[in-house]
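Each chain is listed here by its residues.
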Amino acid sequence: MITVVGTGTGAPVPLEALAGAELVVGGRRHLDAVRLPETAERIVLGPLAPALDAMEEYVGKDRRVVVLASGDPGFFGIVRALSERFGAERLNVRPGVSSVATAFARLGLTWDDAVVVSAHGRDPRTAVNVCRAHPKVAVLTGPGAGPAELGAALARTAPGRVLLVASALGSAEEGLQRVSPAEAAGRDWGTAVSVVLCLDETRALGPVRTLAGAAVRPPGWALDEGEFAHRDSMITKFEVRALALARLGPRPGDLVWDVGSGSGSVAVECARLGAAVSAVEKAPDGVERIHANAGAHGVDVHVVHGTAPDALDQLDDPDAVFVGGGGRELPDIVRVCARRARRTVVVAMAALDRVPAVRSALTGAGFDCDGVLLQSSRLAPLPGDVTRLAATNPVFLLWGARTPVSREGVAL
């Protein structure tokens, strides 16, 4: 049997949990904080694989093993690895209070509406994008993905966020520091950071929730054009938006570019589905409309006032890109987007002449390319209680998608 004890946020390890242990495994600070049985061997956790191999010898002989872990070891913790290696039936898990719960408690904030993301041993870009998109986020940090790295990324695109860095929770050295992203980027935080809370304080106190976690997915998408402020019907029509969203596949942790954003309708829809979004628009009045539309729908969109492709240089690489404008520069813009997009690029065009060059730009960047001409007619009432069909302008929608690759580098 393996007893897994959550510790490190103030609660002492029960003495009976250690009684009879023949092997105790944990971080150095956890091991130093308890009195181990005199005959017990100890393993200081570093790389996990050697520790699991050593534990195998004890478990196979029914010798008692105790694992000391931080907080709730079933919450982004060691329980997963132990279950996969030894089976859940061999585990006796005694959870402590998680660092996330403790940090929010110190602030007097509820966290049923918080999004929790782990950057420990993972690519931090997912955590950064979640912080950009959501008003209340807890980030479990790790080497190379701590407050400084998080702050540096957010300072460029979400400088108004507040970071609350919780260190050494539950110990005499416990600290909770409130900093801006730029301030976080300029400090050396050491190794005692427990968790970082990222808040948009204007939206941190949301409505009463029934479901915990990220905001509930919107009841619909491809909203009517009347849901957005726009100029002279210069807006991506909802029929086009519906297919574009299906091909973009925006989701929490993604970064989406909306290039030539106009009214920002695609940007707002992607943000409503949980993605972080950067909208690029060259017209000053367009920039104002994007901000207004994002605010009206309760989402955060990073708006860049500039002309593509040059304005794209300052942006982080996206998962998906929607290009809805560009004129004669459209093929060049698509080439730049295709070089940097991780998953897909979707392009909407009204001009037939642009299709071959855009298709060539996508295939030249290694994308599998497909497309469709969208023509729709909407019901329109006429006097006399009759209805006609009113045609909308036809739009070409092209999309390129990278061939998915497994972790072993094999095309799927």
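**Regarding the overall build of the chain**
- Across its full length, the chain carries 13 helices and 19 strands.
- Referenced to the eigenvectors of the C-alpha coordinate spread, the extents of the chain come out at roughly 90 × 50 × 45 Å.
- The buried share of the chain, reckoned over its 412 residues, is 47%.
- Here the chain has roughly 20,200 Å² of accessible surface; of this, 52% comes from carbon and sulfur atoms.
- Treating the 43 positive side-chain charges of the chain as one cloud and the 46 negative ones as another, the clouds have centres 1 Å apart.

**Some points on the sheet that holds strand β10 (residues 193–199)**
- Read across the sheet, 5 strands follow the order β6-β7-β10-β8-β9 without closing on themselves; strand pairing throughout is mixed. Only two strands of the sheet have a single partner each, and these edge strands are β6 (115–118) and β9 (175–179). The mean angle between the axes of side-by-side strands here comes to 20 degrees, regardless of whether they run parallel or antiparallel.
- One ladder, built from 4 bridges, connects strand β7 (residues 136–140) with β10; its direction is antiparallel. When the bridges of β10 are listed, V139 appears paired with V196.
- Strands β7, β8 (162–167) and β10 of the sheet are contacted by helix α7 (residues 147–157), whose axis makes an angle of about 175 degrees with β8.

**Considerations on helix α6 (residues 125–133)**
- The element α6 is largely enclosed, with a buried count of 8 among its 9 residues.
- Of all the residues in α6, the buried ones are R125, A127, V128, N129, V130, C131, R132 and A133.
- Where the residues of α6 are buried, they touch β6, β7, α7, β10, β11 (255–259) and β12 (276–281).

**Some words on the sheet that holds strand β19 (residues 395–401)**
- Taking strand neighbours across the sheet as the criterion, the 7 strands line up as β13-β12-β11-β14-β15-β19-β16 in an open arrangement whose pairing is mixed. The sheet is open, and its two borders are formed by β13 (302–305) and β16 (368–374), each paired with just one other strand. Along the sheet, successive strands turn relative to each other by an average axial angle of 15 degrees, direction set aside.
- Sheet topology places β12 next to β13; 4 bridges connect them, and they run parallel. Looking at β13, one finds that A279 is bridged to V303.
- Contacting β11, β12 and β14 (320–323), helix α10 (residues 265–272) crosses the sheet at an angle of about 175 degrees to β12.

**Focus: the pattern of salt bridges**
- Enumeration over the complete set of coordinates arrives at 28 salt bridges.
- Among the salt bridges present, the one from R156 reaches D316, with a minimum N-O distance of 2.5 Å. A residue pair is termed long-range when its members are at least 10 positions apart, and R156 in helix α7 and D316 in the loop between β13 and β14 qualify at 160 residues.
- On the accessibility criterion, R156 (44% relative accessible area) is partly exposed.
- With its nearest N and O atoms 3.7 Å apart, the salt bridge here joins D200 to R161.

**Focus on the packing of aromatic side chains**
- Scanning the model with the defined rule gives 2 aromatic pairs in all.
- Relative to F76, the ring of F75 has its centre 5.3 Å away and its plane inclined at 80 degrees; by these criteria the two rings are edge-to-face.
- The class for F75 is partly exposed, based on a relative accessible area of 29%.
- Look at F104 and W111: their rings are 6.3 Å apart centre to centre, the planes differ by 0 degrees, and that puts the pair in the stacked class.
- When the ring centre of W399 is taken as origin, the NZ or CZ atom of R247, which lies over that ring, is 4.6 Å away.

**Side note on the environment of V65**
- With respect to the helices and strands, V65 occurs in strand β4 (residues 65–70).
- Overall, the relative accessible area of 0% leaves V65 in the buried class.
- Through-space distance from the C-alpha of V65 to that of W221 is 52 Å; in sequence the pair is 156 residues apart.
- If near-sequence neighbours (up to four positions away) are discounted, V65 is found in contact with M1, I2, T3, L23, M55, Y58 and V59.

**Topic: the nonpolar core**
- Among the nonpolar cores identified, the biggest contains 31 residues, and V259, L312 and L362 are the most heavily contacted of them.
- If you tally residues by element for this core, the top one is helix α12 (residues 330–340), at 6 residues.
- L362 has contacts with V334, A338, V345, F367, C369, L398, W399 and G400, leaving out every residue within four places of it along the chain.

**Examining the environment of R156**
- A C-alpha to C-alpha distance of 8.8 Å links R156 and Q314, two positions 158 residues apart in sequence.
- Not counting residues within four places of it along the chain, the set of residues in contact with R156 comprises R132, H302 and D316.
- A distance of 3.3 Å separates the side chain of R156 from the backbone oxygen of A152, its partner in a polar contact.
- A distance of 2.5 Å separates a polar atom in the side chain of R156 from a polar atom in the side chain of D316.

**Quick notes on the state of the cysteines**
- For the coordinates displayed, the defined rule picks out 0 disulfides.
- The thiol sulfur of C337 is not disulfide-bonded, and the nearest other cysteine sulfur, from C270, lies at 14 Å.
- Left without a disulfide partner, C369 is nearest to the cysteine sulfur of C337, which lies 14 Å away.

**Overview of the confidence of the model for the chain**
- Looking at the chain as a whole, its pLDDT mean stands at 91, while 97% of the residues score no less than 70.
- Low confidence marks residues 405–412, where pLDDT is under 50. Its contacts with residues over four positions away, or in another chain, come to 9 contacts.

Quick notes on the rules
Residues numbered from 1 in each chain as written. Predicted model: local features only at pLDDT ≥ 70, side-chain atom pairs only at ≥ 80, totals over all residues. Heavy atoms only, no water. Helix = DSSP H or I, 4+ residues; strand = E, 2+ residues; numbered from the N terminus. Buried < 20%, exposed > 50% of the residue type's maximum accessible area, 1.4 Å probe, protein only. Areas by Shrake-Rupley, 256 points an atom, 1.4 Å probe, with all protein chains shown as cover. Lys, Arg positive; Asp, Glu negative; His and termini not counted. Charge placed at Lys NZ, Arg CZ, Asp CG, Glu CD. Pairing = 2+ DSSP bridges. Axes fitted to C-alpha atoms, helices over the stretch in contact; angles between N-to-C directions. Contact = heavy atoms within 4.5 Å. Salt bridge = Lys/Arg side-chain N within 4 Å of Asp/Glu carboxyl O. Phe/Tyr/Trp six-rings, centres within 6.5 Å; stacked < 30°, edge-to-face > 60°. Lys NZ or Arg CZ within 6 Å of the ring centre and 35° of its normal. Core = buried A, V, L, I, M, F, W, Y, C linked by side-chain atoms within 4.5 Å. Polar contact = N/O pair within 3.5 Å; in protein donor to acceptor, adjacent residues only side chain to side chain. Disulfide = S-S within 2.5 Å. pLDDT = per-residue confidence, 0-100.

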